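Given next are the chains, with one letter for each unit.
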Amino acid sequence: MVGEKPCPVQRVAALKKLCATHQVDWLFMFLGNHLPEDFRQALQARDLPPLAVWFTEDPYHIERSINVLPVVKRGFTVEEGAVKFYQKLGGNVSFLPLGYDGDTFYPQEKKQVYDVCFVGHPYPERVTLLKSLASALRIQIEVVGPWRVDQLPKKVIHRSRWLHPRDVAHCYHRAKVVLNTFRPYEKGGREIFAKSVNNRSFEIAACAGFQLSEHRPGIARFFSKQEIETFTDTKNCIQAVRFYLENKKKRDEKRKKAAEEVRRAHTFFHRASHIVSQLQKVN
């Protein structure tokens, strides 16, 4: 009947036909935390081309991702700390961080009307950090994300919904300092230490924004101290914001170097090229 969803057999048959028609060598899936049972069975029976997955929500969805792993021929994870965990389970998985879209995030000189900008979900650690920052310094702060009024510091500019990535880029352009913090991770018994960067690490840098990032061990793999400044706790963050707001020259030096670095090696084109080269090596 018109409007009915195709049954599992029809879905697999349609995909199988599509793959045969276009001589598809691989199926590629993002996220990787859910796979319908009909597709799982077809992959196990080798009725479909092999599956490659980019686990783009690691380590936060890893409890569900391990259920997909048995039918993954080649995997990539955005969390370096998850690689050995997957490999111990027999997965052919390597580290591949997120990148950025160069058509959306790029340098654009605009008047910097905010002292600090933060984009992200209001996790408790972030709420505490921004309230402490606003209390310690008399500065203009812009916050983007689904924050409630009681979660926000007083006298901030709040955009209460998620913005289009192009609008997020404009927020980065308009701020003197762009804060980047990482989502808290409770490993729940899994021997995984979250240490890798997030997508904003690259997107802020691509906009030539001055980035003040929460410290993570994985940052040094991609950025030097001459490109991104980091902080370890609230006191350290406040000190860094105060210092760099008073030192435009130092901000400019770091943000321009960071922009050059991400253009050199961290666009999604670079990531796609790496994925293709790795799939070509699989027997």
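Below is a summary of the structure that appears in this document. Being a predicted model, the structure only gives us computed values, none of them experimental.

**As for the overall build of the protein chain**
- Along the backbone of the protein chain there are ten helices and ten strands.
- Overall, the protein chain is about 65 × 40 × 40 Å in size when its C-alpha atoms are taken along their principal axes.
- Put simply, the protein chain has 283 residues, and 49% of those count as buried.
- For the protein chain, the share of sequence-separated contacts (at least 6 apart) that also reach a separation of at least 24 residues comes to 64%.
- Accessible surface, the protein chain as shown: approximately 15,400 Å² in total, 52% of it carbon and sulfur.
- Charged side chains of the protein chain number 46 positive and 30 negative; the gap between the two group centres comes to 3 Å.

**Some words on the sheet that holds strand 9 (residues 211-214)**
- Read from one edge to the other, the open sheet built from six strands follows the order 7-6-5-8-9-10, with strand pairing classed as parallel. Here the strands that pair on one side only, and so sit at the sheet edges, are strand 7 (157-159) and strand 10 (229-231). On average, each strand axis in the sheet is tilted by 20° relative to the strand beside it, whichever way the strands run.
- Sheet topology places strand 5 (residues 114-119) next to strand 8 (residues 175-180); four bridges connect them, and they run parallel. By the bridge assignment, cysteine 117 is partnered in strand 8 with valine 178.

**Topic: the packing of aromatic side chains**
- Counted under the stated rule, the structure contains twelve aromatic pairs.
- With a centroid separation of 6.1 Å and 75° between ring planes, the pair formed by phenylalanine 118 and tryptophan 147 is classed as edge-to-face. With phenylalanine 118 in strand 5 and tryptophan 147 in the loop between strand 6 (141-144) and strand 7, this pair connects stretches of sequence that are 29 residues apart.
- Judged by relative accessible area, tryptophan 147 falls into the buried class, the value being 5%.
- Taking 4.9 Å as the distance between ring centres and 90° as the angle between the ring planes, the aromatic pair formed by phenylalanine 243 and tyrosine 244 counts as edge-to-face.
- Note on phenylalanine 243: relative accessible area 36%, which makes it partly exposed.
- An aromatic cluster is present here, built from Phe28, Phe30, Trp54 and Phe268 joined pairwise through their rings.
- Lying across the ring of tyrosine 60, arginine 183 places its NZ or CZ 4.3 Å from the centre.
- One residue, arginine 271, lies across the ring of phenylalanine 202, its end atom 5.3 Å from the ring centre.

**A closer look at the nonpolar core**
- In this structure, Phe105, Tyr172, Phe202, Phe223 and Val262 are the most contacted members of the largest nonpolar core, which totals 27 residues.
- For this core, the secondary structure elements donating two or more residues are strand 5, helix 6 (165-173), strand 8, helix 7 (199-206) and helix 9 (248-265).
- Not counting chain neighbours up to four residues away, the residues in contact with phenylalanine 202 comprise Pro97, Leu98, Gly99, Tyr100, Val197, Phe222, Phe223, Val262, His266 and Arg271.
- Among the nonpolar cores identified, the runner-up in size contains 25 residues, and Phe39, Leu51, Leu69 and Ala82 belong to it.

**Digging into the packing of helix 7 against helix 9**
- At a minimum axis separation of 7 Å, helix 7 and helix 9 run at an interaxial angle of 115°. With respect to their mutual orientation, helix 7 and helix 9 come out roughly perpendicular. Crossing handedness for the pair helix 7 and helix 9: left-handed. Contacts from Phe202, Ala205 and Ala206 of helix 7 reach helix 9 at Arg255, Ala258, Ala259 and Val262.

**Things to note about the side chain of glutamate 203**
- Residue position: glutamate 203 is located in helix 7.
- Of the side chains with opposite charge, arginine 200 comes closest to the buried, unpaired glutamate 203, at an N-O distance of 5.4 Å.
- If near-sequence neighbours (up to four positions away) are discounted, glutamate 203 is found in contact with Tyr100, Phe105 and Tyr172.

About the criteria used
Residues numbered from 1 in each chain as written. Predicted model: local features only at pLDDT ≥ 70, side-chain atom pairs only at ≥ 80, totals over all residues. Heavy atoms only, no water. Helix = DSSP H or I, 4+ residues; strand = E, 2+ residues; numbered from the N terminus. Buried < 20%, exposed > 50% of the residue type's maximum accessible area, 1.4 Å probe, protein only. Contact = heavy atoms within 4.5 Å. Areas by Shrake-Rupley, 256 points an atom, 1.4 Å probe, with all protein chains shown as cover. Lys, Arg positive; Asp, Glu negative; His and termini not counted. Charge placed at Lys NZ, Arg CZ, Asp CG, Glu CD. Pairing = 2+ DSSP bridges. Axes fitted to C-alpha atoms, helices over the stretch in contact; angles between N-to-C directions. Phe/Tyr/Trp six-rings, centres within 6.5 Å; stacked < 30°, edge-to-face > 60°. Lys NZ or Arg CZ within 6 Å of the ring centre and 35° of its normal. Core = buried A, V, L, I, M, F, W, Y, C linked by side-chain atoms within 4.5 Å. Parallel < 35°, antiparallel > 145°, perpendicular 65-115°, else oblique. Left-handed = near helix turned anticlockwise from the far one by under 90°. Salt bridge = Lys/Arg side-chain N within 4 Å of Asp/Glu carboxyl O.

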